[in-house]
Amino acid sequence: MSKLSKYKTANLIEVFSAIQGEGLNIGTRQIFIRFAMCDLRCHYCDSAHTWYSSDTCRIEQNPGKRDFATYPNPVTLDSLISWIRQQNQPGLHDSISLTGGEPLLHAAFLQEFLPQLHQETDLPIYLETGGHRPSQLKMILPYLDSIGMDIKLPSVSGELKWEAHQEFLQLCAEAKVEVFGKIIISEATNPQELEQAATLIAQINPQIPVFLQPVTPLASSDSKPINPPTPEQVLTWQTLMKKQIKQVRVIPQTHKMIDQL
Ligand code: SF4
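From a predicted model like this one, the values you see are computed outputs, not experimental measurements.

Chemist: Any chance you could break down the overall build of the protein chain for me, citing the residues and the numbers?
Modeler: Counting secondary structure elements, the protein chain contains eight helices and 12 strands. On C-alpha atoms alone, the protein chain measures out to a radius of gyration of 18 Å, which is about the 18 Å that the 2.2 N^0.38 rule sets for 261 residues. Per-residue burial for the protein chain yields a buried fraction of 36% across its 261 residues. A sequence separation of at least 24 residues applies to 76% of the contacts in the protein chain between residues at least 6 apart.

Chemist: Run through the site of the ligand, naming residues and quoting values.
Modeler: Close contacts around the ligand come from Cys-38, Leu-40, Arg-41, Cys-42, Cys-45, Ser-47, Thr-50, Gly-100, Gly-101, Glu-102 and Gly-130, and that covers them all. Split into classes, the residues belonging to the shell around the ligand amount to four nonpolar, five polar and two charged.

Chemist: Break down the UniProt feature "binding site: S-adenosyl-L-methionine" (unreviewed entry) in the protein chain for me, with residues and values.
Modeler: Those places that UniProt annotates as "binding site: S-adenosyl-L-methionine" (unreviewed entry) correspond, in this numbering, to Tyr-44, Cys-45, Asp-46 and Gly-101. Taken along the chain, the residues just named run across 58 residues; in space they keep tight, none of their C-alpha pairs more than 13.4 Å apart. Checked against the element boundaries, Tyr-44 lands in the loop between strand S3 (29-35) and strand S4 (56-60). We classify Tyr-44 as partly exposed; it has 17 C-beta atoms within 10 Å. In this structure Tyr-44 touches Val-156, Ser-157, Ile-184, Val-215 and Ile-226, once residues within four positions along its chain are discounted. Looking at the secondary structure, you find Cys-45 in the loop between S3 and S4.

Chemist: Could you give me a rundown of the environment of Lys-243, with the residues and numbers involved?
Modeler: Structurally, Lys-243 is set in the loop between helix H7 (231-242) and strand S12 (248-250). For Lys-243, a count of 11 C-beta atoms within 10 Å corresponds to the exposed category. In this structure, the C-alpha to C-alpha distance between Lys-243 and Pro-206, residues 37 residues apart in sequence, is 9.9 Å.

Chemist: Now, about the packing of helix H1 (residues 77-87) against helix H2 (residues 107-120): what can you tell me, with residues and values included?
Modeler: Axis separation between H1 and H2 bottoms out at 11 Å; the angle between their running directions is 30 degrees. For the pair H1 and H2, the sense of crossing is right-handed. Facing H1, whose interface residues are Leu-77, Leu-80, Ile-81, Ile-84 and Arg-85, H2 presents Glu-112, Phe-113, Gln-116, Leu-117 and Glu-120. Tallied by class, residues from the contact of H1 with H2 come to six nonpolar, one polar and three charged.

Chemist: Can you break down the nonpolar core residue by residue, with the values?
Modeler: Within the largest apolar cluster, 55 residues are counted, with the highest numbers of intra-cluster contacts made by Leu-12, Ile-183 and Val-210. A per-element tally of this core places strand S10 (residues 178-185) first, with five residues. Excluding residues within four positions of it along the chain, Val-210 makes contact with Phe-180, Gly-181, Ile-183, Ile-201, Met-241, Ile-245, Gln-247 and Val-248.

Chemist: So, the sheet that holds strand S11 (residues 210-214): which residues are in play, and what are the values?
Modeler: As summarised here, the arrangement of the 10 strands in space is S5-S4-S2-S3-S7-S8-S9-S10-S11-S12, forming an open sheet in which the pairing is mixed. Among the strands making up the open sheet, the edge pair consists of strand S5 (68-72) and S12. Direction aside, neighbouring strands of the sheet carry axes that sit 20 degrees apart on average. Note: S10 against S11, five bridges, orientation parallel. If you follow Gly-181 over to S11, its bridge partner there is Val-210.

Rules behind the numbers
Residues numbered from 1 in each chain as written. Predicted model: local features only at pLDDT ≥ 70, side-chain atom pairs only at ≥ 80, totals over all residues. Helix = DSSP H or I, 4+ residues; strand = E, 2+ residues; numbered from the N terminus. Rg over C-alpha atoms; globule rule 2.2 N^0.38 Å. Buried ≥ 20, exposed ≤ 12 C-beta atoms within 10 Å, placed from the backbone. Contact = placed C-beta atoms within 7 Å. Near = placed C-beta within 6 Å. Nonpolar A, V, L, I, M, F, W, Y, C, P; charged D, E, K, R; others polar. UniProt positions renumbered as here; feature names shortened; annotations may be inferred. Axes fitted to C-alpha atoms, helices over the stretch in contact; angles between N-to-C directions. Left-handed = near helix turned anticlockwise from the far one by under 90°. Core = buried A, V, L, I, M, F, W, Y, C linked by C-beta atoms within 7 Å. Pairing = 2+ DSSP bridges.

Right, dumping it as structure tokens:
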């Protein structure tokens, strides 16, 4: 197998068409490509089924119909292109979402896949990421139209990624690609960390939009429940962040309210 060809496969969870429930693209229709595997372990993660590679993936046969068929992993680049072609009905979608798991764990595959995807469709490519893998971002940055990156607060996520976030955001700013920050907040949020996040973003560009997302309590959790912030906390923290950031919006996960995937 040549060095290149080994990258022409990826481990997927699913491909489907749905309404984006978070961030700048909220309410728009996207083709979602959900990649398997994540190297973080956020306390509030609602996608723990994506953490490891999977033997199979499920592929929606008709956009929005939830008529999934199962295929073995890894999948080839050509198969993925053909599934996107199947989803891509004229005028239906606003963009294509690369999500996970952590899509940047598949950067080598994406480096080959995204140029072909651009030939196949003129839909914008949106990356949804933990925002902690700048080296992998560099590999695919020229092919991306917009990026939603997490800023992980240690008090809520259990992850500490300040330096990686700063480098990541700097790369986005230098490339002039559209980017926004998403910060999950709970009642246990440490406001000093919010201030640190605001400073980190403002030093790069105070115009970068930030979405404060009250945590969605997990349906079943063996560990201590993570509760959303109180209305007073939300107001206080938005005020705090707006001292440094121009646009700070508070929006929960809306796709869960309308029973989307
Ligand atoms: S980065 Fe996303 S997928 Fe990974 S553990 Fe955190 S919330 Fe879950």
